[in-house]
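# Observations on the three-dimensional arrangement
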Amino acid sequence: MNLRELVSALNDFASPSLAESWDNVGLLVEPSPPHTVNTLLLTNDLTEEVMEEAVQKKADLVLSYHPPIFTPLKRVTWKTWKERLVVRALENRIGIYSPHTAYDAVPHGVNNWLAKGLGACTSVPLHPSTAPSSPSEGTHRVEFCADAEHLDAVLSKIKDIPEISCLTTLPARVEGEEQTRVSLTCSQKALLEVVALLSQNSLLYRKTEILLLQKPLLPHTGMGRLCTLSEPVSLSDIIERVKGHLQLRHVRLAVGAGRTFESPVKKVALCAGSGSSVLKGMEADLYLTGEMSHHDVLDAVANGISVILCEHSNTERGFLSELRDALAIHLQNKINIIVSEKDRDPLQVA
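The protein carries the name NIF3-like protein 1 in an unreviewed UniProt entry, which gives Rhabdornis inornatus as its organism. On record in UniProt, under Subunit (unreviewed entry), the comment for the protein is "Homodimer. Interacts with COPS2. Interacts with THOC7." If you open the UniProt record of the protein and go to Function (unreviewed entry), you find "May function as a transcriptional corepressor through its interaction with COPS2, negatively regulating the expression of genes involved in neuronal differentiation."

Set out below in structure tokens:
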């Protein structure tokens, strides 16, 4: 496939608009066009060892779940390992694409895969995603009624305010009087000017309504998951299920205050990777994630919530095999998709 065609298909699989605002997703390194992709290499982290694997296996594009370029590069030299990744990628005509938190959000993404390790359960996002393009303009809608005496003057002044759209007028009957109902959409900045204008006339201002425009939520899409098990199981059983799903011999565990290994677990709040900010304050019997800050673990335990930590990328890497199969279908088997054999968590238990 042509690289740009492939990137478009990858964006359709999980829209970059679903990624967190702080993230750096999409096509990060692009060889000069035209660039044909015959082999796509999937990895959780693009290390120098994985880049060497990509070169040896003649990959034309690396899909790295974590973006290898996150903070801006001021130069591209041989001095640091991330700069060397870019140099080697361009020298060997290998593109780099990163989906990161877009894959966390989608229903067929990393967090849903992680939830499969719990057994039969239903899940909903902890922080639902919103539709990226609705509403297209403005943050607030302002509606008010004006009589003929004041209407023209008010509309004239409103039209001079920047960042106002969708200005409409309709006949209305208010308290037995013929009036005009004015509706407009505006930005947060323009709202202050509109309110200041209308407040100059107490009759107008008393008949003003301000609505906050919120984008509709996307079903089953968002950060983290709150999973409700079909049947409660003991904490010790959940630990074994998680270890089996992630193929780990060991996990780190903090037992919630007043809980034991035999305490029932019915609700699990989970987040692949680093879960502190996503899980904080959520009501559950158990938090499951890769890593959390020490103090957030203490907070959870004090609230009677147990915590399982598996190390950051261990909660993500196993998804790659499922992703390979899903992308093969999505891309109609047009390219060869392989999972890195060199990608691994940098931490181990000694």
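### Comments concerning the environment of Thr169
On the secondary structure map, Thr169 appears in strand β7 (residues 164–174). For the pair formed by Thr169 and Ala59, sequence separation is 110 residues and the distance between their alpha carbons is 59 Å.

### Here we look at the packing of aromatic side chains
Under the counting rule described, the total for this entry stands at three aromatic pairs. Between the aromatic rings of Tyr103 and Phe319, the centroid separation amounts to 6.2 Å while the plane-to-plane angle is 75°, which identifies the pairing as edge-to-face. Of the two residues, Tyr103 is situated in helix α4 (residues 101–105) and Phe319 in helix α12 (residues 319–330); the sequence distance between them amounts to 216 residues. With respect to burial, Tyr103 and Phe319 carry one shared label: buried.

### A look at the sheet that holds strand β5 (residues 121–130)
Read across the open sheet, the six strands follow the order β5-β10-β12-β13-β14-β11; overall the sheet is mixed. One side of each edge strand has no neighbouring strand; the edge strands of this open sheet are β5 and β11 (252–254). When the angles between neighbouring strand axes are averaged without regard to direction, this sheet yields 25°. Note: strand β10 (residues 217–234) against strand β12 (residues 264–274), six bridges, orientation antiparallel. Bridge pairing in β12 links Ser234 to Pro264. Strand contacts of helix α9 (residues 235–246): β10, β11, β12, β13 (286–291) and β14 (306–309), with the helix running at about 125° to β10, the strand carrying the most contacts. Docked against the sheet, helix α11 (residues 294–302) engages β11, β13 and β14, running at close to 145° with respect to β14.

Scoring rules and cut-offs
Residues numbered from 1 in each chain as written. Predicted model: local features only at pLDDT ≥ 70, side-chain atom pairs only at ≥ 80, totals over all residues. Heavy atoms only, no water. UniProt positions renumbered as here; feature names shortened; annotations may be inferred. Helix = DSSP H or I, 4+ residues; strand = E, 2+ residues; numbered from the N terminus. Phe/Tyr/Trp six-rings, centres within 6.5 Å; stacked < 30°, edge-to-face > 60°. Buried < 20%, exposed > 50% of the residue type's maximum accessible area, 1.4 Å probe, protein only. Pairing = 2+ DSSP bridges. Axes fitted to C-alpha atoms, helices over the stretch in contact; angles between N-to-C directions. Contact = heavy atoms within 4.5 Å.

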